[in-house]
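Letter by letter, the chains look like this.
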Amino acid sequence: MTKYALASGFLCSSSFLLGLLLETRMPHVSHAASSSNLPAHHPRVPQSSSSTYIDPKFHGHLHCPYAAKWLVDGPAKASRDLGLDSRGRKLQGGADRRRRRNQEDDAASTSTAAAMGRCDFTNAFSGQATCLEFRGAAWTEEIMIARCEEESGALELELDATKGCRDGMEDTALAGWCLKEGEGDAADERVEATAMTISSMADCDGNRMACQTFVGGRFVPDGVCGGDDGGGENDNVFDGETTDAGGTTCAIAPGAIGAAHQAAYSSGYLRSGCPDTPAQNSPYMWPLKWAADYESHSMPAYTDEVVFHAKGRTYYALDKNWKRSDTVYQKGVLRTIGQSPCSEEDIDPDFAEKGLLGCWKNQTDYMTTMLHLGNMMYFLSYRDNVTDALRPGETDPSKIDECISIDLAVIGNIRPDWFLDKRGDDTDVQYLGNQHVYYSDENRTSVPKLVKQWRKKDFASQYFVMSMMGNPPNRLENNATDNIPVEDTLHWPLILNIPGEGFGDDQLQVYRNHALLTDDDDDLFTLVQRYEAMGGVCGNARGGDDDASDIGPPVLEEEAYIPSDLEVDPNSWVSNEYTFSPVWQGPTPEKGDENDD
């Protein structure tokens, strides 16, 4: 029997990926029914734009911050709110994108025509001002008013040549224009031109990628990015450096996603340190290439009862924007908003009484693998009749039974400094200092450990707590490190507290058996590539239809909410961005911290 499980490619709780998967088509997955053919006592399940749900056993391993926006608002509003485009509702396929570009090329005169009006509105997600021009003679006042009202914007008509979106905008801020046809009759004679701007979240290449990939539009460089090749110059990369190979390193994802994630198009973090970042070369950043066993426990708010337990091993190559997670154990009830229907015998009755869905899990005798490589995420199940026992770190592609994939568009892997700084939108950080804690070691024995702690706030006004090892084994021998393994010099991540963000229960995750990885371990991450090289196929979880390319989850009612014990308390929260970077000039440490490392 084919078995799947979803382990996060970024820290993902029951939010973005879970929502993505709710409207996918997958092999061996029955089509979801309307509520009429769910089990008799099944709680209400929010409906997505697709009628397909996936088996609930796939959903147990998501630990993802900063993505709940997708689950609440759905794909259309979330994509607009990210500031990538005011009307970007579809993740266009490559062929569809080419067709659209050809159509826009045919309508070049419309694209460069004078603006009939402009709509100014505030991006609901980022809080940034956005300007949209209506180009082409087919725009009527009625159509422009209706379109601008969709954005709750202010419409200005009867523009002269100086009153377009350029009016009042510095040339150093303008990256170019994202052009997309209007809708309805005479659509090819109406073009929406959104002013794309340079910011800490998007350089020239980032704006171009956002327009083409996320919106299916055509990017026309202008201002800072102006150039004949349409790709813009890379001299103005604010949050990413251009590599010799032409890729972009150190870039973070747009909007609130960037508070925790790299951009999908980034080739990874620089081993020499990402310049001009608050945590540059900090000894408390996560290592770029490492592995560790993880064990997580989920607890409902207002109680310390453990209701869900998961174990596995996770692997990172963040210098290449790669992650792998092997899950070997899940047991208990997974309580999340938005997960797929489960069989009647697996429904948690207490949670069902609240109109929400909790599903019992019992994975104890098989392993599943997730790979998050740039913008692509892959889920692997293994054959039951393999002769050698499966263990975390399996690299033999012949043991794979089935592979499915999802394109995550702009979302890359976790960034190694995500908990140290407050880059990204609608976030904050609080360095807490030292604390002794009881830590469950490799032998499941509680031992005292000194940790340094940071709290990281998300847009839901909840927070994560990252506890990093305070005393590496060689700290008292730091003048004689010649014969000491480098692993014994590192401040490893030990404990991570993860809020449910309103969509699930809070989690406490422990990391054990840490190890550094090298480029010689890349075969851990190239498993899919080698599987495809031997003739294997990774099916598209969305079914491959152009019409099935909507990204994001279904729209849920706002009153559906699971409480958390990690809500920000204004009486205790103090913004304190302190990273121990030897390069970045941050706030002066308080007395007593000057000599701390």
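In case you missed it, the structure is sitting above this.
A few points on the structure. From a predicted model like this one, the values you see are computed outputs, not experimental measurements. (Residues numbered from 1 in each chain as written. Predicted model: local features only at pLDDT ≥ 70, side-chain atom pairs only at ≥ 80, totals over all residues. Heavy atoms only, no water.)

Right, let's talk about the nonpolar core for a bit. Inside soluble globular proteins, nonpolar side chains tend to come together where they are buried. Formed by 38 residues in total, the largest nonpolar core has its most connected members in Trp286, Trp418, Phe419 and Trp454. Mapped onto this core, the elements with two or more residues apiece are strand E10 (289-299), strand E18 (428-440), strand E19 (446-457), strand E20 (463-469), strand E21 (493-498) and strand E22 (506-516). (Core = buried A, V, L, I, M, F, W, Y, C linked by side-chain atoms within 4.5 Å. Buried < 20%, exposed > 50% of the residue type's maximum accessible area, 1.4 Å probe, protein only. Helix = DSSP H or I, 4+ residues; strand = E, 2+ residues; numbered from the N terminus.)

What follows deals with unusual backbone geometry. The backbone of tyrosine 302 sits at a positive phi, close to 70°, despite the residue not being glycine. Positionally, tyrosine 302 belongs in the loop between E10 and strand E11 (308-317). Given a relative accessible area of 67%, tyrosine 302 falls into the exposed group. Phi at arginine 444 is positive, roughly 60°, even though this residue is not glycine.

Right, let's talk about the packing of aromatic side chains for a bit. Scanning the entire structure with this criterion turns up 20 aromatic pairs. Taking NZ or CZ as reference, arginine 135 lies 4.6 Å from the ring centre of tryptophan 177, over its face. Of note, arginine 190 hangs over the ring of tryptophan 139, and the distance from its end group to the ring centre comes to 5.4 Å. (Phe/Tyr/Trp six-rings, centres within 6.5 Å; stacked < 30°, edge-to-face > 60°. Lys NZ or Arg CZ within 6 Å of the ring centre and 35° of its normal.)

One pass over the full model with this rule turns up 23 salt bridges. Across the pair aspartate 421 and arginine 423 runs a salt bridge, and its minimum N-O distance is 3.1 Å. Just as aspartate 421 is buried, arginine 423 falls in that class too. What you see here is one network of salt bridges that share partners, running through Arg271, Lys289, Asp319, Lys320, Asp519 and Asp522. (Salt bridge = Lys/Arg side-chain N within 4 Å of Asp/Glu carboxyl O.)

Moving on: the layout of surface pockets. In this structure, the second largest pocket spans a volume of roughly 360 Å³. Around the second largest pocket, the lining is made up of 20 residues, and of these Arg271, Met285, Trp286, Pro287 and Leu288 lie nearest the centre. Class assignment of the residues belonging to the lining of the second largest pocket gives a composition of eleven nonpolar, six polar and three charged. (1 Å grid on protein atoms, 1.4 Å probe; cavity = no way out; pocket = protein on both sides within 12 Å on 5 of 7 lines; lining within 4 Å. Points joined across faces, edges and corners; volume = space filled by probe spheres on them. Nonpolar A, V, L, I, M, F, W, Y, C, P; charged D, E, K, R; others polar.)

The next point concerns the sheet that holds strand E6 (residues 218-221). Ordered by their spatial adjacency, six strands build an open sheet running E3-E1-E2-E5-E4-E6, and the pairing between neighbours is antiparallel. A strand with exactly one partner marks an edge of an open sheet, and here the two such strands are strand E3 (154-157) and E6. Ignoring which end each strand starts from, the neighbouring axes of this sheet average 25° apart. Pairing of strand E2 (residues 129-135) with strand E5 (residues 191-197), which is carried by four bridges, proceeds in the antiparallel orientation. Along E5, the bridge assignment pairs glutamate 133 with alanine 193. Here helix H5 (residues 141-150) sits on the sheet in contact with strand E1 (115-122), E2, E3 and E5, set at roughly 155° to E3. (Pairing = 2+ DSSP bridges. Axes fitted to C-alpha atoms, helices over the stretch in contact; angles between N-to-C directions. Contact = heavy atoms within 4.5 Å.)

Shape descriptors only; they carry no functional weight alone.
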